[in-house]
Every structure is written in structure tokens, then in C-alpha cells.
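Chain and residue survey
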Amino acid sequence: MNDTQRPTWCEIDLSAIEHNYLAIDAHVGSSQVMPIVKADAYGHGHRQVAQRLQELNAPCLGVAYVEEGIALRKADITLPIHVLGGAVERQIPLFLEHDLTFTAPSVDKLHQIDEAAQSAKTEAKVHLKIDTGMERIGVHHYNADNLLQAALNCRSIKVEGIFSHFASADAPDLQFARLQLERFLEVLDFYPRHDLPTPVRHIANSSAILALPEAHLDLVRPGLLIYGVSQLTEAVTNINIKAALSWRSEVVYFKVVEAGNPVSYGGTWAPTEATRVVTLPVGYADGYRRALSNRAQVIINNQKHNVVGRVCMDQTMIDIGNSSAYNGDQATLIGSSADHRITVEDLAEWADTIPYEILTAITARVPRRWQP
Ligand SMILES: *Cc1c(COP(=O)(O)O)cnc(C)c1O
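Residues numbered from 1 in each chain as written. Predicted model: local features only at pLDDT ≥ 70, side-chain atom pairs only at ≥ 80, totals over all residues. Heavy atoms only, no water.

1. Observations concerning the overall build of the protein
Condition: Helix and strand assignments follow DSSP, with helices taken as H or I runs no shorter than four residues and strands as E runs no shorter than two, numbered in order from the N terminus. When accessible area is computed with a 1.4 Å probe and restricted to protein chains, residues below 20% of their type maximum are described as buried, those above 50% as exposed, and intermediate ones as partly exposed. Computed with a 1.4 Å probe, the accessible areas rest on the Shrake-Rupley method; for each residue, only the protein chains presented here act as cover.
The secondary structure content of the protein amounts to 12 helices and 19 strands. In terms of principal-axis extent, the alpha carbons of the protein reach across some 80 × 45 × 35 Å. Going through the 372 residues of the protein one by one, you find that 52% of them count as buried. Per element, the accessible surface of the protein, about 16700 Å² overall, is 47% carbon and sulfur.

2. Considerations on the domain arrangement of the protein
Spelled out, the test is: Residue ranges assigned to the domains are those given by an automatic or database domain assignment. Should any heavy atoms of two residues lie within 4.5 Å, those residues are considered in contact. Two parts placed together each lose some accessible area under a 1.4 Å probe, and adding up what both lose gives the buried area. Between Lys or Arg on one side and Asp or Glu on the other, a salt bridge is scored when a side-chain nitrogen of the former is within 4 Å of a carboxyl oxygen of the latter. Pairs of N or O atoms are called polar contacts if they sit within 3.5 Å, as long as, within protein, a hydrogen donor faces a hydrogen acceptor (for residues adjacent in sequence, only side-chain-to-side-chain pairs).
Structurally, the protein comprises domain 1 (14-227) and domain 2 (245-371). Taking the mean C-alpha position of each, domain 1 and domain 2 sit 38 Å from one another. The partner domain 2 presents eight residues to the nine residues of domain 1 that form the contact. Summing both partners gives a buried area of about 890 Å² for domain 1 against domain 2, and 63% of it is carried by carbon and sulfur. Three residues stand out in domain 1 for area buried against domain 2, namely Tyr-42, His-44 and Leu-224, and they jointly supply 49% of the buried area on that side. Counting the contacts that link domain 1 with domain 2 gives zero salt bridges. Inspection of the domain 1/domain 2 interface yields three residue pairs in polar contact (both at pLDDT 80 or more). Those elements giving two or more residues to the side of domain 1 that touches domain 2 turn out to be α1 (14-27) and α2 (38-43). When residues in the side of domain 1 that touches domain 2 are grouped by element, the largest group, three residues, is from α2.

3. Some words on the site of the ligand
In plain terms, the rule: Here a residue is near a molecule or strand as soon as one of its heavy atoms is found within 4 Å of it.
In the region of the ligand, the neighbouring residues are Ile-36, Lys-38, Tyr-42, Leu-84, His-165, Asn-205, Ser-206, Arg-221, Pro-222, Gly-223, Leu-224 and Tyr-356. For the ligand, an oxygen atom lies 2.6 Å from a polar atom in the side chain of Tyr-42. A distance of 2.8 Å separates an oxygen atom of the ligand from a polar backbone atom of Gly-223. Taken by itself the ligand offers 390 Å² of open surface, and the protein chains cover 92% of this.

4. Some details on the layout of surface pockets
Quick note on the threshold: The way it works is a 1 Å grid over only the protein atoms, where trapped points that fit a 1.4 Å probe form a cavity and open points with protein on both sides within 12 Å along at least five of seven lines form a pocket, and then any residue with an atom within 4 Å of a point lines it. Grid points are joined across faces, edges and corners, and a volume is the space filled by probe spheres set on the points. Charged means Asp, Glu, Lys or Arg here, nonpolar means Ala, Val, Leu, Ile, Met, Phe, Trp, Tyr, Cys or Pro, and polar covers whatever is left, Gly included.
The calculated volume of the largest pocket comes to roughly 730 Å³. For the lining of the largest pocket, the elements supplying multiple residues, two or more each, are α2, α10 (206-211) and α12 (355-361). When the residues that make up the lining of the largest pocket are grouped by side-chain class, the tally is 16 nonpolar, 10 polar and seven charged. Two domains share the lining of the largest pocket, each providing at least three of its residues, namely domain 1 (14-227) and domain 2 (245-371). Of the voids in this model, the second largest pocket is the one considered here, and its volume is about 470 Å³. Surrounding the second largest pocket, 21 residues form its lining, Ser-230, Leu-232, Glu-234, Arg-341 and Glu-345 being those nearest its centre. The leading source of residues in the lining of the second largest pocket is helix α11 (residues 344-350), at four residues. Tallied by class, residues from the lining of the second largest pocket come to seven nonpolar, eight polar and six charged.

5. Concerning the state of the cysteines
Inclusion rule: For this text, the term disulfide refers to a pair of cysteine sulfurs within 2.5 Å.
Per the counting criterion, the structure on display carries zero disulfides. With no disulfide of its own, Cys-312 lies closest to Cys-10 among cysteine sulfurs, the gap being 19 Å. Residue Cys-312 is classed as buried on the basis of its relative accessible area of 12%.

6. Focus: the packing of helix α6 (residues 107-119) against helix α7 (residues 144-152)
Selection rule: With axes taken as lines fitted to C-alpha atoms, and helix axes fitted only over the stretch in contact, angles between N-to-C directions fall between 0 and 180 degrees. Under this scheme an angle from 65 to 115 degrees is roughly perpendicular, one under 35 degrees roughly parallel, and one over 145 degrees roughly antiparallel; angles in between are oblique. Should the near helix be turned counterclockwise from the far one by less than a right angle, the crossing is left-handed, whereas a clockwise turn marks it as right-handed.
α7 packs onto α6 with a crossing angle of 15° between their chain directions and a minimal axis gap of 9 Å. Between α6 and α7, the interaxial angle falls into the category roughly parallel. In this structure, the crossing between α6 and α7 has a hand that is right-handed. Every residue of α7 that contacts α6 at Val-107, Leu-110 and His-111 is listed here: Asn-146, Leu-147, Ala-150 and Ala-151. Across the contact of α6 with α7, the residue classes tally to five nonpolar, two polar and no charged.

7. Focus on the side chain of Thr-8
Looking at the secondary structure, you find Thr-8 in strand β1 (residues 8-13). A polar contact is formed between the side chain of Thr-8 and the backbone oxygen of Pro-281, at a distance of 2.8 Å. If sequence neighbours within four positions are ignored, Thr-8 has contacts with Trp-247, Arg-248, Ser-249, Pro-281, Val-282, Val-366 and Pro-367.

8. With respect to the packing of aromatic side chains
Our working definition: Aromatic rings from Phe, Tyr and Trp, with only the six-membered ring used for Trp, were paired whenever their centres fell within 6.5 Å, and each pair was classed as stacked if the ring planes differed by under 30 degrees, edge-to-face if by over 60, and tilted otherwise. Only when the NZ atom of a Lys or the CZ atom of an Arg is both within 6 Å of the ring centre and within 35 degrees of the ring normal do we say a charge sits over the ring.
Counted according to the given criterion, the structure contains five aromatic pairs. The interplanar angle of 80° and the centroid separation of 5.2 Å between the aromatic rings of Phe-190 and Tyr-191 together place this pair among those described as edge-to-face. Looking at Phe-190, the relative accessible area reads 1%, which means it is buried. Plain terms: the ring middles of Trp-247 and Tyr-288 are 5.6 Å apart, the flat faces sit at 80° to each other, and that makes the pair edge-to-face. Of this pair, Trp-247 sits in strand β11 (residues 245-250) while Tyr-288 sits in the loop between β13 (275-280) and β14 (297-300); the two residues are 41 residues apart in sequence, bridging distant segments of the chain. As far as burial versus exposure is concerned, Trp-247 and Tyr-288 are alike and both buried. Members of the aromatic cluster, connected to one another through ring pairs, are Tyr-42, Tyr-227 and Tyr-356. The residue whose ring lies beneath Arg-369 is Trp-9, and the NZ or CZ to ring-centre distance is 4.2 Å.

So, in C-alpha cells, the structure goes:
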């Protein structure tokens with residue numbers, strides 16, 4: 001598909017990603033930074049983002065799935081790549097073949113990895129996963145000694161790291177996050193107790209990087225923050241980050257809608273007096289979510305205007321009131337334009353969701369344009 005002419009696109013500012021990576025790196029001092037590039041780098045393009053981070057000598061990258069790691073290897077990414085999620089047994093050889101770092105969330109999985117590595121005559125790089133309160137993958141903190149002990153007895157496993165994940169580091173009340181950190185540190189006591197060196201310890205995602213400095217440990221795992229987005233208040237986001245993604249479209253139609261005539265499916269909105277309505281070629285199949293109907297705003301010709309009526313699969317209508325707009329005029333759905341700005345956080349609020357879902361919902365139908 002030649003989509004370079006499509007009048008709806010995302011602009012990805014790779015220099016903003018570079019800026020954010022360096023800002024986080026400075027913020028966490030001696031801790032290392034593992035940028036998370038799962039889910040097509042939160043919609044920003046995994047190849048382009050990983051390439052830039054590789055140029056910056058990031059120590060490693062994090063993805064969720066083995067397929068994502070393989071895609072990065074095929075894009076000439078040679079950095080260590082840690083697969084954070086769970087994998088099934090038949091995928092284990094793929095990790096070894098593509099030199100990807102495993103997550104071992106249980107003794108069983110650890111043994112499967114060890115056996116596969118032995119038969120492949122290689123050593124598997126592994127991070128042990130401890131569940132300190134997320135109740136997702138990982139061995140419970142109160143049973144973790146078994147996993148740590150088992151790893152010592154594996155012949156073809158190299159334990160490079162040990163990690164956990166916060167359930168509520170974005171909450172105003174950090175009590176549960178602090179409890180999770182405490183549980184994690186207790187598990188880590190195993191190593192000094194046995195006179196063994198401690199592997200690389202990590203637990204902090206973006207919110208914890210900002211809100212819980214004592215959780216930085218040896219390595220931090222920023223996703224959202226790398227892309228210049230924060231879920232936390234400005235007071236807590238005490239680090240200068242730049243939003244990397246802008247989403248633009250163009251006016252493709254202009255009409256006057258008379259008073260009382262409802263707009264779009266279901267007729268959920270009608271003007272009280274005649275008004276000018278333009279159509280943008282973007283809809284929920286692009287990831288411009290239907291929940292934004294009658295709630296979101298866009299910037300056209302340096303003014304903010306309301307989305308009116310239901311967002312359709314491929315088209316969205318905007319009430320521009322008495323303003324003028326012509327076919328081809330640019331509309332900003334996310335990003336800055338002259339005096340105004342619409343953020344990913346704004347869209348998340350309007351759609352009653354989180355910024356993560358707004359970014360990762362932007363579908364492959366929307367072409368990305370990368371700026372160095
Ligand atoms: C996605 C993910 C992260 C990144 O989270 P952000 O909140 O985007 O910083 C970190 N760690 C793990 C295990 C993840 O799955």
C-alpha cells in the first residue's frame with residue numbers, strides 16, 4: 001500500500017525520544033535505563049525508535065513478546081533485548097536462535113529453558129521474575145527462594161537479572177508500591193545471605209521512575225516516559241520530557257448544517273443554529289476511538305473545535321462554528337499547532353482511558369513519518 005499521500009498521518013519526532021532517554025538517564029543517576037519498545041514502540045515505530053536508541057548506546061531494550069524481539073533482530077538491532085512477558089515452551093528455541101534474553105517466571109519454565117539451552121549447547125540469558133503483588137507472571141515473593149535456588153543448579157542458565165513489576169506506581173497513594181518494593185528487597189536478601197553476587201535488580205516503570213526514586217535500583221524500565229507522556233501530575237513529573245508523537249489529518253469536506261439537523265450515526269448531536277461542519281478522513285478504524293464522539297477537540301487554523309456526532313469507522317466531523325476552513329487545511333488531533341496543543345493525556349481523559357491505550361490503539365492504517 002502506498003500510503004505516503006494519505007491525508008491522515010502521525011509524525012514521530014525521534015529527537016524528542018533521544019531527549020527523553022537522556023533526561024531519564026540523567027534523572028536516575030547511576031541506574032541504567034532499559035527503554036521499552038514493545039507494541040511497535042507504543043505506536044512510534046519499533047525499528048526507527050530502536051535504531052535511535054542503539055545509536056545512543058542504550059544498554060539494552062525491553063519488549064513484551066519474542067516475536068517483537070525477532071523483529072528487532074531482523075532490523076539489525078544488536079543490543080541485548082529482554083523479553084519481559086511469558087513465553088510458551090515451543091518458543092524457547094527462538095530465544096536462543098535470536099540471542100534474546102528470557103524471563104523465567106517459574107521453576108518449571110526455568111528448567112525448560114535450561115534443557116533447551118543444554119541441547120543447543122549454549123547458555124541462556126535469564127532474568128528471574130518475582131511477583132510482589134501484581135498477581136501476573138512471576139513466582140510469588142513468599143516462594144521466591146525456590147526459584148533463586150533452582151537457578152543456581154542450572155548448568156546452561158546465566159542469571160543476568162532479577163525483577164518485579166509495580167501494580168500501582170501511578171496511584172496518588174504509594175503505600176502498595178512501597179510494600180511491593182519491600183517484598184522485592186527481602187527476596188534479594190537471598191544473595192548476600194548465600195554470599196553470592198546479586199544479579200541486576202529492576203522494578204521501576206515510568207511512574208515509579210518519577211514517584212519512587214528508591215525503586216530505581218540497578219536498572220529502570222521506562223516505556224511511556226520515553227515517548228514523552230506521563231500519567232502523573234505535573235508536580236510529580238519533575239523531569240523535562242517532550243511528546244514525540246503528533247497526529248494530523250486534513251479537511252476533506254466542508255458543509256453548512258442547518259439548525260436541528262443531526263450529524264452522524266444515531267443523531268447524537270445537532271446544532272442549535274446553522275453551523276459549519278468539516279469532515280476529517282480519520283475514524284475508529286485508525287484508532288481515533290469512538291469514545292471520543294462529542295468529547296474530543298481538534299486544532300484547525302489555530303483554533304480548537306469540537307468533534308460532533310459519533311466518530312465513524314473512517315470519518316469524523318468537526319463543528320467549526322463561524323470559522324473558515326478549506327479542503328486540505330491541516331487538523332491536529334494530537335500535538336502542537338501554533339498557539340494550541342492537544343496531548344495524548346487529553347485524549348485519554350476524553351475517551352475515559354489511559355494514555356497507553358490511546359498510543360497503542362493508533363492502527364497500522366495510519367502512516368508514520370519519522371523526523372530525525
Ligand atoms: C510495559 C512494561 C514496562 C513499561 O511501563 P511504562 O509504564 O510504560 O513505563 C515496564 N516493565 C514491564 C514489565 C512492562 O511490561
